[in-house]
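Listed below are the residues making up each chain.
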Amino acid sequence: GFSITQVTPRKVFTPNGDGHFDTFQILYDNPEDKVMAMAKIFDLKGAEVAEFTRGDFDNTLTWDGKDRAGQMVSGGV
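Residues numbered from 1 in each chain as written. Predicted model: local features only at pLDDT ≥ 70, side-chain atom pairs only at ≥ 80, totals over all residues. Heavy atoms only, no water.

Undergrad: Could you give me a rundown of the packing of aromatic side chains, with the residues and numbers involved?
TA: Enumeration over the complete set of coordinates arrives at four aromatic pairs. Taken together, the ring pairs in this structure connect Phe13, Phe24, Phe52 and Trp63 into an aromatic cluster. (Phe/Tyr/Trp six-rings, centres within 6.5 Å; stacked < 30°, edge-to-face > 60°.)

Below you can see the structure in the form of structure tokens.
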């Protein structure tokens, strides 16, 4: 089955444009090569905020801290 193998950064994600931890990235294992339609980001109240995009490498997803409208989300999402 599908499994997450690594999350970067491990603790603090700070998309403030300083070049450190500006994106949140998930590396996953997909041994059966199943099609993944989407991966979503939700806030603490359960409201959908954004979707992950394909990362720079195979089997990675990334998020830049912005909502669907391209606006930076508030802390705690």
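From this point, the discussion proceeds with the structure in view.
Undergrad: Account for the pairing of strand S4 (residues 48-51), with residues named and values stated.
TA: In the sheet, strand S3 (residues 40-42) pairs with S4 via three bridges, with the strands oriented antiparallel. Counted as the bridge partner of Lys40 is Glu51 from S4. Between S3 and the antiparallel strand that follows it, S4, lie five residues; Gly46 among them carries a positive phi value of about 95°. (Pairing = 2+ DSSP bridges. Helix = DSSP H or I, 4+ residues; strand = E, 2+ residues; numbered from the N terminus.)

Undergrad: Describe the sheet that holds strand S1 (residues 3-8), naming the residues involved and giving the relevant values.
TA: Pairing is antiparallel across the open sheet formed by four strands, whose spatial order is S1-S2-S6-S5. At either margin of the open sheet sits one strand with a lone partner, and together these are S1 and strand S5 (53-54).

Undergrad: So, the side chain of Thr60: which residues are in play, and what are the values?
TA: Position of Thr60 among the secondary structure elements: in strand S6 (residues 60-63). Looking at Thr60, the relative accessible area reads 5%, which means it is buried. Thr60 has contacts with Gln25, Ile26, Leu27, Tyr28, Thr53, Arg54 and Gly55, leaving out every residue within four places of it along the chain. (Buried < 20%, exposed > 50% of the residue type's maximum accessible area, 1.4 Å probe, protein only. Contact = heavy atoms within 4.5 Å.)

Undergrad: How would you summarise unusual backbone geometry if you had to cite specific residues and measurements?
TA: The linkage connecting Thr8 with the following residue, Pro9, adopts the cis geometry, with an omega of -5°. Residues other than glycine seldom take positive phi values, yet Phe21 does so here, at roughly 55°. Relative to the elements of secondary structure, Phe21 occurs in the loop between S1 and strand S2 (24-29). Its relative accessible area of 48% is what places Phe21 among the partly exposed residues. With a phi angle near 55°, Asp33 is a residue other than glycine that sits in the positive phi range. Here Asp33 lies in the loop between S2 and S3. Residue Asp33 is classed as exposed on the basis of its relative accessible area, which comes to 65%.

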